[in-house]
Amino acid sequence: MLVHHIVTSLLIGFSYTFKYTNVGMLVLFLHDCTDIVLEMTKLTVYYKTKGGRWKTIGDFLSTVGFICFGMTWFLFRLYWFPLKALYSAGHLSYVLNPETLIFYHLFNGLLWTLLIMNIYWFSIILVTGYKVITGQMKEVKDSREYEEDENGRKLNNKTRKKLQ
């Protein structure tokens, strides 16, 4: 995850510094579209833990949200990102602006690194979806969630095992 933040920060900085703001804004737009669906899905995952009637509604909404998240991830990050951002940064910038050749390789290398990370994360999304469909995982949940003990302290997997 740290590599993602470093690559993203470098892309934002370089696109502004070397006047590739059109490509930088396109990359940000394509990635932010999936982030909106991700945050809405996370909200529905948190709502289903409230109990009562909301549990069934929240469970249904989190499943639908997860499906929408996977579809938007594929559409924006694995289809439109290579088709528009990588093409314009790779081919068109070389044709229209050949004097920035050093920056051209660095910027496109960072974009390709981002695409490889997107493919890796999509494989995780597919594996999670497969586990939910086959019943290996009963529900869509946030694996980073912490449980609380009776005193309100957060428990992770290690501290939970110590208390048992």
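These lines cover the structure that appears in this document, whether it is placed above or below. (Residues numbered from 1 in each chain as written. Predicted model: local features only at pLDDT ≥ 70, side-chain atom pairs only at ≥ 80, totals over all residues. Heavy atoms only, no water.)

A few words now on the side chain of asparagine 108. Checked against the element boundaries, asparagine 108 lands in helix α4 (residues 101–134). Look at asparagine 108 and you get buried, because its relative accessible area is 9%. Of note is the side chain of asparagine 108, whose polar atom sits 3.4 Å from the backbone nitrogen of glycine 90. Here asparagine 108 is in contact with Leu86, Ala89 and Gly90, once residues within four sequence places are set aside. (Helix = DSSP H or I, 4+ residues; strand = E, 2+ residues; numbered from the N terminus. Buried < 20%, exposed > 50% of the residue type's maximum accessible area, 1.4 Å probe, protein only. Polar contact = N/O pair within 3.5 Å; in protein donor to acceptor, adjacent residues only side chain to side chain. Contact = heavy atoms within 4.5 Å.)

Once that is clear, we can look at the side chain of threonine 44. For threonine 44, the position within the fold is in helix α2 (residues 21–47). The buried category is assigned to threonine 44, whose relative accessible area is 15%. Excluding anything up to four places from it in sequence, threonine 44 contacts Gly58, Leu61 and Ser62.

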